[in-house]
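Listed here are the chains, written in short residue letters.
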Amino acid sequence: VTSPLGAGHPAIESVRWAPGGRAVRIIDQRRLPGEYVERDLATLEEVCDAIRTLAVRGAPAIGICAAMGLVVAAERDDTPGGATSARVAELARAIAATRPTAVNLTWALDRVSRRAAGPEGDPARMLAAMRAEATAILEEDRASCRAIGEAGLSLLAEGSRVLTHCNAGALATGGIGTALAPLYLAAAQGLRVEAIATETRPLLQGSRLTAWELGRAGIPATLVTDSMVSSLMAAGDVDLCLVGADRIAANGDVANKIGTYGLAVLARYHGIPFHVAAPWSTIAPGTATGADIRIEERDAAEVVSLGGVRTAPDGIRVRNPAFDVTPAALVTSIITDRGVLVPPYHFGPGT
Ligand code: MRU
């Protein structure tokens, strides 16, 4: 795996097979930016825990991790005679239950599970087919990221100041990211582009992860807290917004990290283009509109403390939706691995 920036910039591999293939190796994103630690997930429980606690996160990365994790869990399964397709379906349901919003999770699990249905009665063949599918999902995502980067390059010019939210970079995918992919490719071509990264409360994916990976690649980035965006836009300091997605409904409504909707409203008010970058695997033709997207509510503890320090009084009521829905009408374009789409968006069955 090579970095788009060439030698001296080792690529980030957020999810891959551990040597020997008996575990899924992830970068533990809970420890960044303080420490770079890799972890091997060798059991169903470890895979589920890593996804639930955001050790691995970002829609494409959790899909890949789930796919590989299902293979690892099926291989270790102690059903006499080896895991059956029914058992694989059970393992897949356990992994799918970890997080509800990103469609890539169930999409990837379904792909691997379908390969378990074919060679019934031949566990070795079944497991080999599942492993090949999980590997294909990783490799396809790498290629998708690059294709998104190439398609998104057309939106950038010398000096572009690109506001991004959460982390839709290499850490969130199997490749060079979605929203950050055009920035990486622009930098590789010598185009001077700048990122503005929002902190992304409550879990700080912008400051902990986006700032870390852009800094590592030498791409100029400025960190702001979420509430600073409106005044930056009013001052003319943002040229375009570029964010990722966790699920895109058939009508083009986009679920992404909480706060994305507010950024889109602000962008519209200030006349700033608002682009979403996502692989085709994030499009959910079976989800009619944003109203049909289940939004994950996470633990209140994430809101009442910061870095382990309590920042709110005991007993305060808390809401903690992890994602929101940006109506399609606010989305200037959706940059995919199959090109740049503009409204009206219609993703029908068979898309
Ligand atoms: O809760 P997270 O960190 O998994 O949320 C991630 C996002 O919202 C990303 O923007 C999205 O998954 C796209 S990642 C290419």
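Here the structure is a predicted model, which means the values were calculated and not measured.

A. Spotlight on the overall build of the chain. Within the chain, the secondary structure is distributed over 10 helices and 16 strands. For the chain, the C-alpha radius of gyration of 20 Å lies close to 20 Å, the compact-globule estimate for 351 residues. Judged by the C-alpha coordinates and their principal axes, the chain covers about 65 × 50 × 45 Å. Counting the 351 residues in the chain, one finds 54% classified as buried. Considering only contacts within the chain whose residues lie at least 6 apart along the sequence, 75% involve residues at least 24 apart. On the chain, roughly 14100 Å² of surface is accessible, and the fraction owed to carbon and sulfur atoms is 54%. Considering the chain, the positive charge centre built from 33 side chains and the negative charge centre built from 37 side chains are found 1 Å apart.

B. Quick look at the site of the ligand. Every one of the 17 residues lining the ligand counts as a neighbour, but Arg-57, Arg-99, Asp-246, Asn-256 and Lys-257 are closest to it. Relative to its unbound accessible surface of 410 Å², the ligand loses 100% to contact with the protein. Secondary-structure elements contributing two or more residues to the shell around the ligand are α2 (59-76) and β9 (254-257). Counted by class, the shell around the ligand contains seven nonpolar, six polar and four charged residues.

C. View of the packing of helix α4 (residues 103-117) against helix α5 (residues 123-152). Running from amino to carboxyl end, α4 crosses α5 at an angle of 150 degrees, the nearest separation of the two axes being 8 Å. On the basis of their axis angle, the class for α4 and α5 is roughly antiparallel. The hand of the α4/α5 crossing is right-handed. Taking contact as the criterion, the partners of Trp-107, Ala-108, Arg-111, Val-112, Arg-115 and Ala-116 in α4 are, on α5, Met-126, Ala-129, Met-130, Glu-133, Ala-134, Ala-136, Ile-137 and Glu-140.

D. Quick look at the layout of surface pockets. In this model, the largest pocket occupies a volume close to 340 Å³. As for the largest pocket, its lining consists of 25 residues, of which Asn-104, Trp-107, Arg-111, Trp-280 and Ser-281 are closest to the centre. Those elements giving two or more residues to the lining of the largest pocket turn out to be α2, α4, α5 and β11 (283-284). Residue contributions to the lining of the largest pocket peak at seven residues, all from α4. A class-by-class count of the residues in the lining of the largest pocket yields 11 nonpolar, seven polar and seven charged.

E. Expanded view of empty space enclosed by the protein. In the structure shown here, the tally under the stated rule is two cavities of 30 Å³ or more. Quantified by volume, the largest cavity comes out at close to 220 Å³. Breaking the lining of the largest cavity down by element, the ones donating at least two residues are α2 and β9. Residue contributions to the lining of the largest cavity peak at three residues, all from α2. Residue composition of the lining of the largest cavity, by class: 13 nonpolar, 10 polar and five charged. Approximately 50 Å³ is the volume attributed to the second largest cavity. Every residue along the wall of the second largest cavity is listed here: Pro-202, Leu-203, Gln-205, Lys-257, Ile-258, Arg-298, Glu-302, Asn-320, Pro-321 and Ala-322.

F. Molecular detail of helix α9 (residues 260-270). Here α9 has its buried residues at Thr-260, Leu-263, Ala-264 and Ala-267. For α9, the arc enclosing every buried residue in end-on projection is 100 degrees, short of the 170-degree limit, so these residues lie on one face. Check the buried side of α9 and you find it contacts β4 (161-164), α8 (229-234), β7 (240-243), β9, β10 (274-277) and β14 (323-326). Gly-271 sits one or two positions beyond α9 and adopts a positive phi of about 70 degrees.

G. A look at the pattern of salt bridges. Per the counting criterion, the structure on display carries 23 salt bridges. Of the charged contacts, one joins Glu-38 and Arg-16 as a salt bridge, the two residues approaching to 3.3 Å between their closest N and O atoms. Taken together, the residues Glu-38 in strand β3 (residues 38-41) and Arg-16 in strand β1 (residues 15-17) connect sequence positions 22 residues apart. A relative accessible area of 31% means that Glu-38 is categorised as partly exposed. The partner of Arg-161 in a salt bridge is Asp-237, and the shortest N-O contact between them spans 3.9 Å. Highlighted residues: Arg-161 in strand β4 and Asp-237 in the loop between α8 and β7, separated in sequence by 76 residues. According to the relative accessible area criterion, Arg-161 is partly exposed, its value standing at 24%. The exposure class of Asp-237 is partly exposed, given its relative accessible area of 33%. Here the salt bridges share partners, and the residues they tie into one network are Glu-13, Arg-16, Glu-38 and Arg-142.

H. Structural context of helix α3 (residues 85-96). Relative to the 16 Å expected for 12 residues at 1.5 Å per residue, α3 spans 16 Å between its end C-alpha atoms, a close match to the ideal helical length. Those residues of α3 lying buried are Val-88, Leu-91, Ala-92 and Ile-95. In an axial view of α3, the angular spread of the buried residues amounts to 100 degrees, which keeps them on one side of the axis. Within α3, the exposed residues directed more than 90 degrees away from the buried face are Ala-86 and Arg-93.

Reading the values: the criteria
Residues numbered from 1 in each chain as written. Predicted model: local features only at pLDDT ≥ 70, side-chain atom pairs only at ≥ 80, totals over all residues. Heavy atoms only, no water. Helix = DSSP H or I, 4+ residues; strand = E, 2+ residues; numbered from the N terminus. Rg over C-alpha atoms; globule rule 2.2 N^0.38 Å. Buried < 20%, exposed > 50% of the residue type's maximum accessible area, 1.4 Å probe, protein only. Contact = heavy atoms within 4.5 Å. Areas by Shrake-Rupley, 256 points an atom, 1.4 Å probe, with all protein chains shown as cover. Lys, Arg positive; Asp, Glu negative; His and termini not counted. Charge placed at Lys NZ, Arg CZ, Asp CG, Glu CD. Near = heavy atom within 4 Å. Nonpolar A, V, L, I, M, F, W, Y, C, P; charged D, E, K, R; others polar. Axes fitted to C-alpha atoms, helices over the stretch in contact; angles between N-to-C directions. Parallel < 35°, antiparallel > 145°, perpendicular 65-115°, else oblique. Left-handed = near helix turned anticlockwise from the far one by under 90°. 1 Å grid on protein atoms, 1.4 Å probe; cavity = no way out; pocket = protein on both sides within 12 Å on 5 of 7 lines; lining within 4 Å. Points joined across faces, edges and corners; volume = space filled by probe spheres on them. Arc of directions from axis to C-beta. Salt bridge = Lys/Arg side-chain N within 4 Å of Asp/Glu carboxyl O. Expected span 1.5 Å × (residues − 1).

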